[in-house]
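# Descriptive structure summary
Residues per chain are reported as follows:
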Amino acid sequence: MIGILVVDDHPIVRDGLRGIFAAEEGFTVVGEAGDGAEAVTMAQRLLPDVVLMDLRMPGTGGVEAISRLAALGNPARVLVLTTYDTDSDVLPAIEAGATGYLLKDAPRAELVRAVRAAARGESVLSPAVASRVLGRIREPADDTLTPREVEVLGLVAQGHTNKEAARVLFLSEATVKTHLLHIYAKLGVRDRAAAVAVAYRTGLL
(Lines give C-alpha, C1' and ligand atoms only; values in the text may rest on other atoms or scores of the structure.)
Protein backbone atom coordinates (compact mmCIF):
# COMPACT_ATOMS: atom_id res chain seq x y z
CA MET A 1 0.00 0.00 0.00
CA ILE A 2 1.46 3.35 -1.07
CA GLY A 3 0.78 6.12 1.44
CA ILE A 4 0.28 9.57 -0.10
CA LEU A 5 0.36 13.03 1.46
CA VAL A 6 -1.49 15.56 -0.72
CA VAL A 7 -0.20 19.14 -0.50
CA ASP A 8 -2.15 21.94 -2.23
CA ASP A 9 -3.62 25.22 -1.05
CA HIS A 10 -6.89 24.58 -2.92
CA PRO A 11 -9.28 22.24 -1.04
CA ILE A 12 -11.07 21.27 -4.25
CA VAL A 13 -7.76 20.05 -5.75
CA ARG A 14 -7.00 18.03 -2.62
CA ASP A 15 -10.49 16.51 -2.75
CA GLY A 16 -10.03 15.59 -6.40
CA LEU A 17 -6.69 13.91 -5.79
CA ARG A 18 -8.06 12.04 -2.80
CA GLY A 19 -10.91 10.78 -4.98
CA ILE A 20 -8.55 9.61 -7.71
CA PHE A 21 -6.44 7.51 -5.38
CA ALA A 22 -9.38 6.24 -3.35
CA ALA A 23 -10.60 4.62 -6.56
CA GLU A 24 -7.24 2.99 -7.32
CA GLU A 25 -6.04 -0.22 -5.72
CA GLY A 26 -2.86 -0.07 -3.67
CA PHE A 27 -3.04 3.55 -2.52
CA THR A 28 -4.11 5.34 0.63
CA VAL A 29 -4.14 9.10 1.23
CA VAL A 30 -2.69 9.42 4.72
CA GLY A 31 -3.12 13.18 5.02
CA GLU A 32 -3.59 16.59 3.40
CA ALA A 33 -1.75 19.87 3.87
CA GLY A 34 -2.53 23.37 2.64
CA ASP A 35 1.01 24.80 2.57
CA GLY A 36 4.65 23.79 2.68
CA ALA A 37 5.20 24.25 6.40
CA GLU A 38 2.21 22.07 7.25
CA ALA A 39 3.42 19.54 4.68
CA VAL A 40 6.81 19.19 6.39
CA THR A 41 5.20 18.76 9.81
CA MET A 42 2.75 16.14 8.53
CA ALA A 43 5.37 14.28 6.50
CA GLN A 44 7.55 13.96 9.59
CA ARG A 45 4.63 12.63 11.60
CA LEU A 46 2.90 10.42 9.02
CA LEU A 47 5.94 9.21 7.01
CA PRO A 48 4.13 8.88 3.67
CA ASP A 49 5.75 7.04 0.78
CA VAL A 50 4.99 9.84 -1.68
CA VAL A 51 4.24 13.54 -1.20
CA LEU A 52 2.21 15.11 -4.01
CA MET A 53 3.49 18.69 -3.75
CA ASP A 54 2.09 21.85 -5.28
CA LEU A 55 4.71 24.58 -5.77
CA ARG A 56 3.13 27.98 -5.40
CA MET A 57 1.28 28.24 -2.09
CA PRO A 58 0.79 31.05 0.44
CA GLY A 59 3.47 31.11 3.11
CA THR A 60 5.94 28.29 2.64
CA GLY A 61 6.09 27.18 -0.99
CA GLY A 62 6.79 23.78 -2.44
CA VAL A 63 10.49 24.21 -3.20
CA GLU A 64 11.26 25.32 0.35
CA ALA A 65 9.24 22.41 1.73
CA ILE A 66 11.14 19.95 -0.49
CA SER A 67 14.45 21.39 0.74
CA ARG A 68 13.36 21.10 4.38
CA LEU A 69 12.29 17.48 3.95
CA ALA A 70 15.63 16.65 2.34
CA ALA A 71 17.51 18.39 5.15
CA LEU A 72 15.51 16.42 7.72
CA GLY A 73 16.30 13.15 5.96
CA ASN A 74 12.62 12.39 5.44
CA PRO A 75 12.38 9.25 3.27
CA ALA A 76 9.26 10.34 1.37
CA ARG A 77 9.56 10.76 -2.39
CA VAL A 78 8.28 14.16 -3.50
CA LEU A 79 6.34 14.32 -6.77
CA VAL A 80 5.63 17.89 -7.79
CA LEU A 81 2.16 18.39 -9.27
CA THR A 82 1.64 21.92 -10.50
CA THR A 83 0.32 24.07 -13.34
CA TYR A 84 3.70 25.76 -13.85
CA ASP A 85 6.41 24.49 -16.19
CA THR A 86 8.73 27.50 -16.39
CA ASP A 87 12.47 27.14 -15.82
CA SER A 88 12.19 29.16 -12.63
CA ASP A 89 9.79 26.55 -11.21
CA VAL A 90 11.10 23.29 -12.65
CA LEU A 91 14.83 23.50 -12.00
CA PRO A 92 14.75 24.70 -8.36
CA ALA A 93 12.27 21.93 -7.50
CA ILE A 94 14.45 19.24 -9.05
CA GLU A 95 17.60 20.67 -7.48
CA ALA A 96 15.86 20.75 -4.09
CA GLY A 97 15.33 17.00 -4.32
CA ALA A 98 12.00 16.36 -6.04
CA THR A 99 11.77 12.83 -7.43
CA GLY A 100 9.49 13.91 -10.26
CA TYR A 101 7.58 16.78 -11.82
CA LEU A 102 4.14 16.53 -13.41
CA LEU A 103 1.68 19.12 -14.64
CA LYS A 104 -1.89 19.17 -13.38
CA ASP A 105 -3.24 18.55 -16.86
CA ALA A 106 -1.63 15.08 -16.88
CA PRO A 107 -4.10 12.27 -17.60
CA ARG A 108 -5.31 10.36 -14.57
CA ALA A 109 -3.56 7.15 -15.65
CA GLU A 110 -0.26 9.01 -16.07
CA LEU A 111 -0.57 10.48 -12.57
CA VAL A 112 -1.22 7.06 -11.05
CA ARG A 113 1.75 5.55 -12.90
CA ALA A 114 3.93 8.45 -11.81
CA VAL A 115 3.08 7.97 -8.13
CA ARG A 116 3.87 4.25 -8.37
CA ALA A 117 7.19 5.07 -10.06
CA ALA A 118 8.01 7.75 -7.49
CA ALA A 119 7.32 5.28 -4.67
CA ARG A 120 9.96 3.01 -6.25
CA GLY A 121 12.42 5.91 -6.27
CA GLU A 122 12.26 6.44 -10.02
CA SER A 123 12.46 9.93 -11.52
CA VAL A 124 9.37 11.01 -13.43
CA LEU A 125 9.13 14.04 -15.71
CA SER A 126 6.21 15.18 -17.84
CA PRO A 127 7.18 15.57 -21.53
CA ALA A 128 7.00 19.38 -21.35
CA VAL A 129 9.21 19.44 -18.27
CA ALA A 130 11.67 16.95 -19.75
CA SER A 131 12.07 19.25 -22.76
CA ARG A 132 12.87 22.19 -20.49
CA VAL A 133 15.41 20.22 -18.50
CA LEU A 134 16.94 18.99 -21.74
CA GLY A 135 17.31 22.53 -23.01
CA ARG A 136 19.02 23.74 -19.85
CA ILE A 137 21.51 20.99 -19.09
CA ARG A 138 23.15 20.26 -22.42
CA GLU A 139 24.60 22.23 -25.30
CA PRO A 140 22.68 21.89 -28.59
CA ALA A 141 25.27 19.63 -30.22
CA ASP A 142 26.64 17.87 -27.16
CA ASP A 143 24.81 14.88 -25.74
CA THR A 144 27.91 13.01 -24.59
CA LEU A 145 27.74 11.54 -21.10
CA THR A 146 30.44 12.67 -18.68
CA PRO A 147 32.62 9.98 -17.05
CA ARG A 148 30.70 10.46 -13.80
CA GLU A 149 27.37 10.03 -15.58
CA VAL A 150 28.64 6.80 -17.15
CA GLU A 151 29.62 5.59 -13.66
CA VAL A 152 26.16 6.38 -12.32
CA LEU A 153 24.47 4.70 -15.27
CA GLY A 154 26.68 1.64 -14.86
CA LEU A 155 25.61 1.24 -11.24
CA VAL A 156 21.95 1.70 -12.21
CA ALA A 157 22.38 -1.00 -14.86
CA GLN A 158 23.69 -3.32 -12.13
CA GLY A 159 20.46 -2.77 -10.19
CA HIS A 160 21.71 -0.30 -7.58
CA THR A 161 19.26 2.18 -6.07
CA ASN A 162 20.07 5.90 -5.99
CA LYS A 163 21.07 5.57 -2.35
CA GLU A 164 23.39 2.63 -3.07
CA ALA A 165 24.96 4.41 -6.04
CA ALA A 166 25.52 7.48 -3.88
CA ARG A 167 27.29 5.37 -1.26
CA VAL A 168 29.54 3.67 -3.82
CA LEU A 169 30.51 6.97 -5.47
CA PHE A 170 30.71 8.98 -2.23
CA LEU A 171 28.02 11.38 -3.44
CA SER A 172 24.76 12.62 -1.98
CA GLU A 173 21.57 10.92 -3.16
CA ALA A 174 20.40 14.30 -4.53
CA THR A 175 23.55 14.52 -6.68
CA VAL A 176 22.91 11.04 -8.08
CA LYS A 177 19.35 12.10 -8.95
CA THR A 178 20.70 15.17 -10.75
CA HIS A 179 23.14 13.01 -12.73
CA LEU A 180 20.26 10.72 -13.70
CA LEU A 181 18.17 13.65 -14.91
CA HIS A 182 21.11 14.78 -17.05
CA ILE A 183 21.46 11.24 -18.41
CA TYR A 184 17.73 11.00 -19.25
CA ALA A 185 17.85 14.32 -21.08
CA LYS A 186 20.98 13.48 -23.04
CA LEU A 187 19.71 10.04 -24.06
CA GLY A 188 16.18 11.29 -24.78
CA VAL A 189 14.51 8.92 -22.32
CA ARG A 190 12.24 9.28 -19.29
CA ASP A 191 13.22 6.51 -16.88
CA ARG A 192 15.99 4.24 -15.64
CA ALA A 193 15.09 1.18 -17.68
CA ALA A 194 15.03 3.11 -20.95
CA ALA A 195 18.36 4.79 -20.14
CA VAL A 196 20.02 1.42 -19.51
CA ALA A 197 18.51 -0.04 -22.70
CA VAL A 198 19.80 2.87 -24.82
CA ALA A 199 23.21 2.69 -23.15
CA TYR A 200 23.62 -0.97 -24.05
CA ARG A 201 22.22 -0.48 -27.54
CA THR A 202 24.61 2.38 -28.32
CA GLY A 203 27.64 0.84 -26.68
CA LEU A 204 27.87 3.29 -23.75
CA LEU A 205 27.85 0.29 -21.43
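Residues numbered from 1 in each chain as written. Predicted model: local features only at pLDDT ≥ 70, side-chain atom pairs only at ≥ 80, totals over all residues. Heavy atoms only, no water.

In this section: helix α1 (residues 11-22). An α-helical turn contains 3.6 residues, so a residue and the one three or four places further along point in the same direction. Here α1 spans 16 Å end to end across twelve residues, near enough to the 16 Å set by a 1.5 Å rise per residue. The set of residues buried in α1 consists of R14, L17, I20 and F21. Down the axis, α1 shows its buried residues gathered within 125 degrees of arc, on one side only. Opposite the buried face of α1, at more than 90 degrees from it, the exposed residues are I12 and A22. Buried residues along α1 sit against β1 (2-7), β2 (27-33), β3 (50-53), β4 (77-82) and α5 (108-119). (Helix = DSSP H or I, 4+ residues; strand = E, 2+ residues; numbered from the N terminus. Expected span 1.5 Å × (residues − 1). Buried < 20%, exposed > 50% of the residue type's maximum accessible area, 1.4 Å probe, protein only. Arc of directions from axis to C-beta. Contact = heavy atoms within 4.5 Å.)

This part covers helix α2 (residues 36-46). The set of residues buried in α2 consists of G36, A39, V40, M42 and A43. Contacts made by the buried residues of α2 are with β1, β2, β3 and α3 (62-72). For α2, the capping residue at the N-terminal end is D35, with a side-chain oxygen 3.0 Å from the backbone nitrogen of A37. One or two positions beyond α2, positive phi appears at L47, with a value near 50 degrees. (Polar contact = N/O pair within 3.5 Å; in protein donor to acceptor, adjacent residues only side chain to side chain.)

Next up on the list: the UniProt feature "modified residue: 4-aspartylphosphate" (unreviewed entry) in the chain. With numbering matched to this structure, UniProt assigns "modified residue: 4-aspartylphosphate" (unreviewed entry) to D54. Tracing the backbone through its elements, the reader meets D54 in the loop between β3 and α3. For D54, a relative accessible area of 4% corresponds to the buried category. Aside from chain neighbours lying at most four places away, what touches D54 is V7, D8, D9, G62, L81, T82 and K104. (UniProt positions renumbered as here; feature names shortened; annotations may be inferred.)

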